[in-house]
Amino acid sequence: MSQSEALEGAGKSARILIRNATILSMDTAVGNFQRASILVEGDQIMAVGLGTAPDIEFGSTQVIDAEGMIALPGFIDAHRHVWQSPLSMAAADADLNSYFAAVPGKLAPVYEADDLRTANHIGALQALNAGVTTIFDWCHVLHSPAHADAAIEGLLDSGIRAIFGYGFPNTETAWSMDSERPVPNDIRRVRRERLTSDDALVTMAMAARGPEQSTIEVTKHDMGVARDLDLLISLHAGNGAFGLPYRSVERMYEEELLGADVQYVHCNSLTDESIQRIADSGGRMVSTPAIEMQMQFGYPASTRFLAAGIRPGLGADVVTSTGCSLFPQMASAFQAARLQELEQGTPEISTYDVLSFATVDGAESVGLASKTGSLTPGKQADIVLLRPPALTVMNDPIGFTVLGASTDCVDTVVVAGEIKKRDGALCGIEAGQLQMTLESCRDRLFERSGFQPPSSSFR
Ligand SMILES: [Zn+2]
């Protein structure tokens, strides 16, 4: 069988052998390799760092020659509102208030269940295309049970590894501003009937409003529901100046709500004392640095969390205002930390730290560290191959991945041993058809909401 024949029919093979790759395992016990192989069997990584790889071309082994490429664990996007995929760059110039007015205020309420199915399916494909193999979908357009089902089906159809964060309806501000409404009871149905297993490719969490979006009574109630259903709780906290008056972590502390099952997103305006309280409770943290700086939340809090002993994950958050990949997030995290170190004396971090945030630390932040986030034998085979652009000399594969790479470099993506992207193209999809589907979804949303995108002013 020729190499090209072997590469055809992407998808499931009993075995995949990735040869001649520069390997960044993101596991200190496994280490990094200049030129070595990775063996995948079924959905698992069997071996990493085999020298001159055995010429196993028999049977059902699919061989990928990764000469000149960098192999690393698939990226973990620990915080994204996947439903926004048809709204790409619709709010590029927005600050937090104008984003609230346009996106949750105007566009979110007009989502029908079918729109959400399309948006989640294609949004997850956008992430896969960018090398994201695990995504935390913070879903806050659950206007009805049908919406929740559609959102989950969209994720399932994409083949990405996902944590579906069950949120709330976004039909009116009474759901999201100082809300007195408890999380819909439908969350129990979804947990008991749809996402029952914590071992499946798509698992469940709660996307909770917390004290910055709901009353403390509702926060208490909702967190109680999540704990009853054994769900990780993700909430926005310390959203810049907006979040400051709510003193969210202090109030949760007073109510004894903090815990290791809580993931705090953004955290820019939290005090060092609040961060220490989170650390003492074993909590997790996610930063979305590009968005936080663009929307003027302040410096990313990731280095202050590092100082308190918590390693953060990274998220793209809103594709209304950033790209679909973690590349700009990694660059922003590193660059902001360098400046912050100079101005505020926060800890120095390296590009390796930032790549850890986007992989192994991100997996920890979403509760999947035992399954993914590093190229470790026994973990799930979630792997990305990056092909540097033409005329690149590779002197620092870590620095290149964090500061020099882009989605255009993502050659191959493997999720749970299944090849989802190969030779720079997503496998098993009709790209032209999906493009039209996404655009007509976008057109419907704009028409129903009356939203005018920036391009509408062009001649
Ligand atoms: Zn968010």
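Cut-offs applied
- Residues numbered from 1 in each chain as written.
- Predicted model: local features only at pLDDT ≥ 70, side-chain atom pairs only at ≥ 80, totals over all residues.
- Heavy atoms only, no water.
- pLDDT = per-residue confidence, 0-100.
- Helix = DSSP H or I, 4+ residues; strand = E, 2+ residues; numbered from the N terminus.
- Contact = heavy atoms within 4.5 Å.
- Donors = N, O, S within 2.8 Å, 3.2 Å for Na, K, Ca; no water.
- Tetrahedral: all angles 85-135°; square planar, octahedral: opposite > 155°, others 65-115°.
- Buried < 20%, exposed > 50% of the residue type's maximum accessible area, 1.4 Å probe, protein only.
- Axes fitted to C-alpha atoms, helices over the stretch in contact; angles between N-to-C directions.
- Parallel < 35°, antiparallel > 145°, perpendicular 65-115°, else oblique.
- Left-handed = near helix turned anticlockwise from the far one by under 90°.
- Nonpolar A, V, L, I, M, F, W, Y, C, P; charged D, E, K, R; others polar.
- Core = buried A, V, L, I, M, F, W, Y, C linked by side-chain atoms within 4.5 Å.
- Pairing = 2+ DSSP bridges.
- Right-handed = clockwise from strand over helix to strand, strands pointing away.
- Domains from an automatic or database assignment.
- Buried area = accessible area lost by both parts, 1.4 Å probe.
- Arc of directions from axis to C-beta.

Q: Honestly, the confidence of the model for the chain in this entry has me stumped. Any pointers?
A: Low pLDDT means the predicted atomic positions in that stretch should not be read closely. Chain-level pLDDT for the chain is 95 on average; 95% of the residues reach the 70-or-more range. The spread of mean pLDDT over the elements of the chain runs between helix α1 (residues 3-7), the lowest at 39, and strand β7 (residues 132-139), the highest at 99. Scored below 50 in pLDDT, residues 1-9 makes 11 contacts in the model with residues more than four places away or belonging to other chains.

Q: When you look at the coordination of the zinc ion in this model, what are you seeing that I'm missing?
A: Note on metal sites: the ideal angle is 109.5 degrees for four tetrahedral donors, and 90 or 180 degrees for six octahedral donors. Protein-derived coordination of the zinc ion comes from His79 (NE2), His81 (NE2), His236 (NE2) and Asp317 (OD), at a distance range of 2.1 to 2.6 Å. Classification of the site at the zinc ion as irregular follows from its 4 donor atoms and the range of 83 to 166° in their angles at the metal. For the zinc ion, the single-chain donor residues occur in sequence as H-x1-H-x154-H-x80-D. Placement of the pair is His79 in strand β6 (residues 75-80) and Asp317 in the loop between β13 (313-314) and α12 (327-344), with a sequence separation of 238 residues. The class for His79 is buried, based on a relative accessible area of 0%.

Q: Looking at this structure, how should I read the environment of Glu364?
A: Its place among the elements puts Glu364 in helix α14 (residues 360-365). Glu364 gets classed as partly exposed once you look at its relative accessible area, which sits at 43%. Here the alpha-carbon distance between Glu364 and Leu445, two residues 81 residues apart in the chain, equals 35 Å. Apart from the residues lying within four places of it in its own chain, the contact partners of Glu364 are Arg284 and Ala369.

Q: What should I look at first to understand the packing of helix α3 (residues 113-129) against helix α16 (residues 431-449) in this one?
A: Helix-helix packing is described using two parameters, namely the angle between the two axes and the distance between the axes. As a packed pair, α3 and α16 sit with axes 10 Å apart at the nearest point and diverge in direction by 130°. Here α3 is positioned oblique relative to α16, judged by the angle of their axes. Regarding α3 and α16, the two cross each other, and that crossing is left-handed. In this structure, α3 contributes Asp115, Thr118, His121, Ile122, Leu125 and Gln126 to the contact, and α16 contributes Leu434, Thr437, Leu438, Cys441, Arg444, Leu445 and Arg448. Within the contact of α3 with α16, the residues separate by chemical class into 6 nonpolar, 4 polar and 3 charged.

Q: Honestly, the nonpolar core in this entry has me stumped. Any pointers?
A: The nonpolar side chains of a soluble globular protein tend to be buried with one another. Among the nonpolar cores identified, the biggest contains 104 residues, and Phe164 and Tyr264 are the most heavily contacted of them. Looking at this core element by element, the count peaks at 7 residues for α3. For Tyr264, the contacting residues outside a window of four places in its chain are Leu235, Ala237, Val249, Met252, Leu258, Gly259, Ile278, Gly283, Arg284, Met285 and Val286.

Q: Whenever I open this one, the pairing of strand β8 (residues 161-166) confuses me. Can you help?
A: Strand residues, when the strand is regular, have side chains that alternate between the two faces of the sheet. Extensive coverage of β8 is indicated by the burial of 6 of its 6 residues. Neither face of β8 is exposed, since Arg161, Ile163 and Gly165 on one face and Ala162, Phe164 and Tyr166 on the opposite face are all buried. Here 6 bridges tie β7 to β8, and the two strands are oriented parallel to one another. Along β8, the bridge assignment pairs Cys139 with Tyr166. You can see the chain leave β7, run along helix α4 (residues 145-158) and come back into β8, and the turn it takes is right-handed. Of the pairings in the sheet, the one linking β8 to strand β9 (residues 202-208) comprises 5 bridges and is parallel in character. If you follow Phe164 over to β9, its bridge partner there is Met204. The handedness of the β8 to β9 crossover, carried by helix α5 (residues 186-194), is right-handed.

Q: What is the right way to read the domain arrangement of the chain from this model?
A: Think of interface size as the accessible area that goes away when the parts come together; that is how it is often given. For the chain, the assigned domains read domain 1 (3-72 + 378-426) and domain 2 (75-365). Relative placement of domain 1 and domain 2: their C-alpha centres are 29 Å apart. Counting residues at the interface gives 26 residues for domain 1, matched by 24 residues for domain 2. When the two sides are added together, the surface that domain 1 and domain 2 hide from each other amounts to roughly 2,000 Å², 72% of it contributed by carbon and sulfur.

Q: How should I be thinking about α5 in this particular structure?
A: Residues spaced three or four apart along an α-helix face the same direction, because each turn holds 3.6 residues. Among the residues of α5, Asp186, Ile187, Val190 and Arg191 are the ones counted as buried. End-on view of α5: buried residues confined to an arc of 145°, all on one side of the axis. What points out from α5, more than 90 degrees from its buried face, is the exposed set Arg192 and Glu193. Structurally, α5 contributes buried residues whose contacts are with α4, β8, β9 and α6 (216-228).

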